[in-house]
Amino acid sequence: VRAFSDLISRGRLAHAYLFSGPDGIGKSLFAGELARALLCTDRPAGRLEACDHCPSCRLMEAGNHPDFFAFRRPEDKVEFPVELALELCQSLALKPARGNHKIVILEDADDLNEESSNTLLKTLEEPPPGSLLIVIVTAPERLLPTIVSRCQVVRFHPLPARTVEAILEQHEVGETAQRPRLARMSGGSPGRALELADPALWKFRTTLLEGLASPRPDTVDLSRQWTEFLDETGKDAATQRGRASLIVGMLIDFFHDALRLGVGGTPTLTEPTDERLLRQFSERVDVDRCLKILERCFDAHFHIDRRVQLVLAVEALVHALTDGDAGGMTARKLN
Ligand SMILES: [Zn+2]
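Now for a look at the structure at hand. Each chain carries its own residue numbering, running from 1 in the direction its sequence is written. In keeping with the model being predicted, local features are shown solely for residues with a pLDDT of at least 70 and side-chain atom pairs are shown and tallied solely at 80 or more, while totals for entire chains, interfaces and linings include all residues. Side-chain metrics in this entry use all non-hydrogen atoms of the structure; hydrogen atoms and water are not considered.

1. A short note on the packing of helix H12 (residues 237-262) against helix H13 (residues 275-284)
In step 1: To obtain an axis, a line is fitted to C-alpha atoms, over the contacting stretch when the element is a helix, and the angle between two such axes runs from 0 to 180 degrees between their N-to-C directions. Strands are runs of DSSP state E lasting at least two residues, helices are runs of H or I lasting at least four, and both sets are numbered from the N terminus onward. At a minimum axis distance of 9 Å, the contact between H12 and H13 shows a crossing angle of 65 degrees. As the angle between them shows, H12 and H13 are arranged roughly perpendicular. The way H12 lies across H13 gives a crossing that is right-handed. Facing Phe254, Phe255, Asp257, Ala258 and Leu261 of H12, the residues of H13 in contact are Leu277, Leu278, Arg279, Phe281 and Ser282. Should an angle fall under 35 degrees it is taken as roughly parallel, and over 145 as roughly antiparallel, whereas 65 to 115 is taken as roughly perpendicular and any remaining angle as oblique. Crossing handedness is defined as follows: a turn of the near helix away from the far one that is anticlockwise and smaller than a right angle gives a left-handed crossing, while the clockwise case is right-handed. In what follows, a contact means two residues having at least one pair of non-hydrogen atoms within 4.5 Å.

2. Some details on the coordination of the zinc ion
Under perfect tetrahedral coordination by four donors, a metal shows angles of 109.5 degrees; under perfect octahedral coordination by six donors, it shows angles of 90 or 180 degrees.
In step 1: Shown as donors are all N, O and S atoms within 2.8 Å of a metal ion, widened to 3.2 Å for Na, K and Ca; because water is not in the atom set, sites may appear incomplete. Ligation of the zinc ion by protein atoms is provided by Cys40 (SG), Cys51 (SG), Cys54 (SG) and Cys57 (SG), these donors lying 2.3 to 2.4 Å from the ion.
In step 2: Every donor counted, the four donor atoms about the zinc ion form angles of 102 to 116 degrees at the centre, which fits tetrahedral coordination.
In step 3: Along the chain, the residues that donate to the zinc ion are spaced as C-x10-C-x2-C-x2-C.
In step 4: Categorising residues by exposure relies on relative accessible area from a 1.4 Å probe, with only protein chains included: less than 20% of the type maximum marks a residue as buried, more than 50% marks it as exposed, and the intermediate range marks it as partly exposed. Under the relative-accessibility criterion, Cys57 is labelled buried at 2%. Think of it this way: with four donors and all angles in the 85 to 135 degree range, the site is tetrahedral; with four or six donors, opposite ones beyond 155 degrees and the rest between 65 and 115, it is square planar or octahedral; otherwise it is irregular.

3. Focus on empty space enclosed by the protein
In step 1: In this analysis a 1.4 Å probe is tested at points of a 1 Å grid over the protein atoms alone, and where it fits but cannot get out there is a cavity; an open set with protein on both sides within 12 Å along at least five of seven lines is a pocket; lining residues have an atom within 4 Å of a point. Grid points are joined across faces, edges and corners, and a volume is the space filled by probe spheres set on the points. In total, this model carries one cavity of 30 Å³ or more according to the counting rule given.
In step 2: Within this model, the largest cavity holds a volume of roughly 30 Å³.
In step 3: Lining the largest cavity are His15, Ala16, Leu92, Thr123, Leu124, Pro127, Ser131 and Leu133.
In step 4: At the level of elements, helix H5 (114-125) and strand E4 (131-137) are the ones that each hand at least two residues to the lining of the largest cavity.
In step 5: Within the lining of the largest cavity, the residues separate by chemical class into five nonpolar, three polar and no charged. Asp, Glu, Lys and Arg are counted as charged, while Ala, Val, Leu, Ile, Met, Phe, Trp, Tyr, Cys and Pro are counted as nonpolar; the rest, among them Gly, fall into the polar class.

4. Topic: the side chain of Ser20
In step 1: With respect to the helices and strands, Ser20 occurs in strand E1 (residues 16-20).
In step 2: When neighbours within four sequence positions are excluded, Ser20 is seen to be in contact with Lys27, Val137, Pro140, Val154, Arg155 and Phe156.

5. What about the packing of aromatic side chains?
In step 1: A pair of aromatic rings is counted whenever rings of Phe, Tyr or Trp (Trp by its six-membered ring) have centres within 6.5 Å, and the orientation is called stacked for planes under 30 degrees apart, edge-to-face for over 60 and tilted otherwise. Under the counting rule described, the total for this entry stands at eleven aromatic pairs.
In step 2: Taken together, a centroid distance of 5.1 Å and an interplanar angle of 35 degrees make the contact between Phe255 and Phe281 tilted. With Phe255 in helix H12 and Phe281 in helix H13, this residue pair connects regions lying 26 residues apart in the sequence.
In step 3: What makes Phe281 buried here is its relative accessible area of 1%.
In step 4: Three or more aromatic residues joined by ring pairs form one cluster here, namely Phe4, Tyr17, Phe19, Phe30 and Phe156.

Keep in mind these values describe shape, not function.
What follows is the structure, encoded as C-alpha cells:
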C-alpha cells in the first residue's frame, strides 16, 4: 500500500503490473482495492483508500463502473480464450468515461494460451493512455517472458503463520486449538487456511486414511469415494482441483509422519488422534515403500496443478497408494 501510495502521489504509476504469488494471499483483494481507490473521486488526501460514498465508489459497489473491468477464465474452460483476451484489450482501449483511469484486472493469467498471450502482448506493447492493467498470476514462469518483461512485477509473499492464525480468528473459523495447524498447513495463505478449515475435508481425510491403513485397502472403492467427495463441491473444475490438492497435501503430512515413525522418529505433523492410524499404516508399509508413496503424492500435486484430468490423477494416486501392498503382503506371508 505504501509503495503504491508513493507511486501515485508522484504520478509514476505504470501501465501494467503483474501481481504474482501463491493462491489465497490477497493479490486480487489488493488489486480490487487499488482500483477502487484510483477511481474514487473523493479520496482522502494522501491515502490510498476509497471513500465508499462518492458516485464512483457507488458504481464500483454496484459492479457497473464504466471504467473498470475484471476478466477471468470462464468456469467451463481450461484455458483463457482468445475472444476474451480480445474483449479485454478493447475494454482497455476505450477512453475513460468518468475520470482519468481505465482499469482492467486479469485474473487466472496462469491459464493464458499462446493466442490469448499474443493478443495481450500487443496491448502491452502500446498501452492506451490512462489505462492500467493488473495481471494476476500464481506462477509467472508459465507466462511468455515478453509479457512479464512489459509489466512491473509485484511479488506477494506468504504471510507469517501468526498473521494467518489472526485472520482465521477474525473470521471465527476453526477451533482455537486447530488454528496453528491450519496456519502451518496453509503455507502462509489465509485463503488456503480458510479452505482447510472445512470440516468436510477432515471427515474425508479420516475416511481415506482409515481405508489406506486397513489391512487390505480397496483401490476401487477409495477412488470412487474420493471422486464423489470432489463432485460434492459442484461442477467448477478449479474448485474440485483445489479440494483434491488440499487432500493430497494432507496425505503428504500423514506419510511424512509415517516415515518418521518408520525410522524411529516422532510424528510431528499429524494430530495425536491420528496415532492409531499412523501405527497401523507403518506396520503394513516399510520405509522404502513410504518414500515411494510420498514421491507419488508430490507427482499427483504437480499433475493436479498442471490440469491433468482430475479423475485420472486421483485414480492413479489411489492406485499407487494401495497397489503393491498386495504384493508386499504376499511376500510377508511367504516369509
Ligand atoms: Zn469514493
